[in-house]
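Understanding the architecture of this molecule
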Amino acid sequence: LEGYEAHPFAFLTKPLDKRSLAKTVDDLIGLMESKPEGLGILNVLENRNNVLILINSIILIRSDSVDKKRTIVCTNDKHITREPLQALSEKLPSPQFTFCHQSYIVNLSFVREVKKHNILLSNGLEVPLGRTNKAKFMFALDAYVGGMS
């Protein structure tokens, strides 16, 4: 009965058939691309490869306007993509993710302290809190924290 609680996508039998495994992986990737938000996965292009990132592991996304790269900082690793920050923002659930600065999107579940001009995250990073984003950020944080209780 435990298998039914896990909501498996597919079952593979032993001995493992490589074609069956490849088809199952392709089907799963197709499902993730068609509705990634329902699965909690962000699909991004990194070095010409599709990379699937668990949304809840994302701490922040930082945009570097000089080299036009976005760094997705996760709990265990980092990913670099050239996808526009706004496009990434639209793939993420709100209010869990919000802009705190024109170059930063943060996962509100990692916010530990809000200072006058900065935000301290649980991994020790401090990110800027932009003047123009402060009111929207505080509203999103309040809605997110209020929705958790």
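Quick note: structure is the one above.
On a predicted model such as this, the values are computed, not experimentally measured, just so you know.

**With respect to the overall build of the chain**
Helix and strand counts for the chain come out as five helices and 10 strands. Burial status across the chain gives 35% buried among its 149 residues. For the chain, long-range pairs separated by at least 24 residues make up 37% of all intrachain contacts whose partners lie at least 6 apart in sequence. By element, 54% of the accessible surface of the chain is carried by carbon and sulfur atoms, the whole surface being about 10,100 Å².

**Remarks on a nonpolar patch on the surface**
On the surface, L12, L16, L21, V25, I29 and L52 cluster together to form a nonpolar patch covering roughly 450 Å² of accessible area. No other element matches helix α2 (residues 18-34), which puts three residues into the nonpolar patch. In this structure, L16 sits in the loop between α1 (2-5) and α2.

**A short note on the pattern of salt bridges**
A complete count under the given rule lists two salt bridges for this structure. The salt bridge partner of E83 is K91, with a shortest N-O separation of 2.8 Å. Classification of E83 as buried rests on a relative accessible area of 15%. The partly exposed category is assigned to K91, whose relative accessible area is 34%. Taking the shortest distance from any N to any O, the salt bridge between E126 and K115 comes out at 3.2 Å. Of this pair, E126 sits in strand β10 (residues 126-128) while K115 sits in the loop between β8 (111-114) and β9 (118-121); the two residues are 11 residues apart in sequence, bridging distant segments of the chain. The class of E126 is partly exposed, set by a relative accessible area of 42%. Looking at K115, the relative accessible area reads 32%, which means it is partly exposed.

Definitions and limits used
- Residues numbered from 1 in each chain as written.
- Predicted model: local features only at pLDDT ≥ 70, side-chain atom pairs only at ≥ 80, totals over all residues.
- Heavy atoms only, no water.
- Helix = DSSP H or I, 4+ residues; strand = E, 2+ residues; numbered from the N terminus.
- Buried < 20%, exposed > 50% of the residue type's maximum accessible area, 1.4 Å probe, protein only.
- Contact = heavy atoms within 4.5 Å.
- Areas by Shrake-Rupley, 256 points an atom, 1.4 Å probe, with all protein chains shown as cover.
- Patch = residues over 30% accessible without salt bridge, like charges linked within 9 Å, V, L, I, M, F, W, Y side chains within 5 Å.
- Salt bridge = Lys/Arg side-chain N within 4 Å of Asp/Glu carboxyl O.

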